[in-house]
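Structural overview for review
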Number of protein chains: 2
Amino acid sequence: MKELFGGPGKVSGLILRMGQCLFAAASIAVMASSHGFATYTAFCYLIASMGLQFLWSFSLACLDIHALRLNRDLRNYVFLSLLVVGDWVTAILSLAAACSSAGVVVLIIKDTIMCKRNPQLSCNMFQISVALAFISWLFLAISSCVMFWLAASD
Amino acid sequence: MKELFGGPGKVSGLILRMGQCLFAAASIAVMASSHGFATYTAFCYLIASMGLQFLWSFSLACLDIHALRLNRDLRNYVFLSLLVVGDWVTAILSLAAACSSAGVVVLIIKDTIMCKRNPQLSCNMFQISVALAFISWLFLAISSCVMFWLAASD
């Protein structure tokens, strides 16, 4: 099996997982602390999707730490296939959530005057949360590609 | 190189490309003929993205027909790598466009009373166009995975 940057049980893989956790948690925190997010379905879906991504990446980060401490090799085919499916499902859900929220943000800030008419809406916070979700998805996309490549080249 | 359903220069690959073209064109036609789409950035982006997907899939469908008629083998590594990059970029752009449009559709139909207040808006047409875009993306996602698998297992 090939050695690749970001593979399971490697320091680079752990850094990617930590990045995913960190930015997903930050996205949830910013969105949850903004005013008026609950009236928008897309923002609620963003929180749910980032929550799922946080749980998935946190579990795999713990597994990476365990493997690094005990010097175990995690790269067997069944485990990699599980990682590929989980990573891809989570990545598609996260991208869908980030894009639908971005669509809504553009609508309420640029296309209509909803943000100007309701100054109590935290429009800047919505933008920051969506940006953090995109960064978190970017880390997850790198992990997903590496896992798929490892599984396919096995 | 492995033989796989949906590979380049095969009938199954051609059917996938034709499906992508057909649904992308239908999505553009429905959205462009709906009233009031131009005020929403997400819907304009959907038309642009589906246009790109149509051009990409149409070119590859022509190439598949050419290969099938002359019985040529298209599966060499450089060509596959090009297909992988093109397919993935197009697939991510299409998913982003479909999801951002879906977010906007949910907002104007469910979260707010914009559709009820403006009966001249073609809200049903927006929904149909987004659904067609998702079906087109699904065909493209299958092609992308097959190309990536073929390139990785080479």
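Taking an unreviewed UniProt entry as the reference, chain A is identified by name as CASP-like protein belonging to Anisodus acutangulus. As stated in UniProt under Subcellular location (unreviewed entry), the record for chain A gives "Cell membrane". Heading Sequence similarities (unreviewed entry) of the UniProt record for chain A holds this comment: "Belongs to the Casparian strip membrane proteins (CASP) family."

Another aspect to go through is the interface of chain A and chain B. Often, the extent of an interface is quoted as the loss of accessible area on bringing the components together. Contacts between the two partners involve 26 residues from chain A and, on the opposite side, 26 residues from chain B. Between chain A and chain B, the buried area comes to about 2000 Å², and carbon and sulfur atoms account for 78% of it. Applying the counting rule to chain A against chain B returns 0 salt bridges. Counting across the chain A and chain B interface gives 4 residue pairs in polar contact (both at pLDDT 80 or more). Secondary-structure elements contributing two or more residues to the side of chain A that touches chain B are α3 (77–111) and α5 (123–152) of chain A. Broken down by element, the residue count for the side of chain A that touches chain B peaks at 14 residues, all from α3 of chain A. Class assignment for the residues of the side of chain A that touches chain B results in 18 nonpolar, 6 polar and 2 charged.

Counting 42 residues, the largest nonpolar core has Y40, I108 and F126 of chain A together with Y40, I108 and F126 of chain B as its most contacted members. Among residues more than four places away in sequence, those in contact with F126 of chain B are M31, S34, H35, G36, F37, Y40, F43, V105, I108 and L121 of chain B. Listed in part, the 23 residues of the second largest apolar core include V146 and F148 of chain A together with V84 and F148 of chain B.

Here the focus is the packing of aromatic side chains. What the rule picks out here adds up to 16 aromatic pairs over all chains. Ring geometry for W88 of chain B and F148 of chain B: centres 5.9 Å apart, planes at 70°, overall edge-to-face. Residue W88 of chain B is found in helix α3 (residues 77–111), and its partner F148 of chain B is found in helix α5 (residues 123–152); the two are separated by 60 residues along the sequence. Like W88 of chain B, the residue F148 of chain B is buried in the burial classification. Here the aromatic residues W88, F148 and W149 of chain A together with W88, F148 and W149 of chain B are joined through ring pairs into a cluster of three or more.

What follows concerns the UniProt feature "domain: Casparian strip membrane protein" (unreviewed entry) in chain A. The positions that UniProt labels "domain: Casparian strip membrane protein" (unreviewed entry) are, in the present scheme, residues 8–139 of chain A. Annotated as 82% helix and 0% strand, the span residues 8–139 of chain A places its first and last C-alpha atoms 14 Å apart.

Each copy superposes on the other: chain A lies on chain B with an RMSD of 0.0 Å after a rotation of 180° and an axial shift of 0.0 Å. Taken together, the turn and the small shift mark the pair as related by a two-fold rotation axis. Taking C-alpha positions as reference, the residue of chain A nearest the rotation axis is S100 of chain A, located at 1.9 Å. Comparing contact sets, 100% of the residues at the interface of chain A also lie at the interface in chain B, consistent with an isologous, same-surface contact.

What counts, and where the lines are drawn
Counting starts from 1 at the beginning of each chain's written sequence and moves along it residue by residue. Chains carry letters from A onward and ligands carry numbers from 1 onward, assigned in written order. Note on the predicted model: pLDDT of at least 70 is required for a residue's local features to be given, and 80 or more for side-chain atom pairs to be given and counted; whole-chain, interface and lining totals, by contrast, use all residues. Side-chain numbers here rest on the full set of heavy atoms in the structure, without hydrogens or water. UniProt positions are given in the numbering used here, feature names are shortened, and annotations may be inferred rather than shown by experiment. Whether two residues touch is decided by their heavy atoms; if any such pair falls within 4.5 Å, the residues are in contact. Each of two parts loses accessible area, computed with a 1.4 Å probe, when they are put together; buried area is these two losses added. Criterion for a salt bridge: a side-chain nitrogen of Lys or Arg within 4 Å of a carboxyl oxygen of Asp or Glu. Under the rule applied, a polar contact is a pair of N or O atoms within 3.5 Å (in protein, one hydrogen donor and one hydrogen acceptor; residues adjacent in sequence only if both atoms are side-chain atoms). To qualify as a helix, a DSSP run of H or I must reach at least 4 residues; to qualify as a strand, a run of E must reach at least 2; elements of each kind are numbered from the N terminus. Three residue categories are used. Nonpolar comprises Ala, Val, Leu, Ile, Met, Phe, Trp, Tyr, Cys and Pro, charged comprises Asp, Glu, Lys and Arg, and polar comprises the others, including Gly. Here, nonpolar core means buried Ala, Val, Leu, Ile, Met, Phe, Trp, Tyr and Cys residues that are tied together by side-chain atoms lying within 4.5 Å of each other. Partly exposed residues are those whose accessible area sits between 20% and 50% of the maximum for their type, while under 20% is buried and over 50% is exposed, using a 1.4 Å probe and protein chains only. The aromatic pairing rule takes the rings of Phe, Tyr and Trp, using the six-membered ring of Trp, and pairs them if the centres are within 6.5 Å, calling planes under 30 degrees apart stacked, those over 60 edge-to-face and the rest tilted. Here the copies are superposed with least squares, the fitted atoms being C-alpha atoms of residues at a pLDDT of at least 70 in both.

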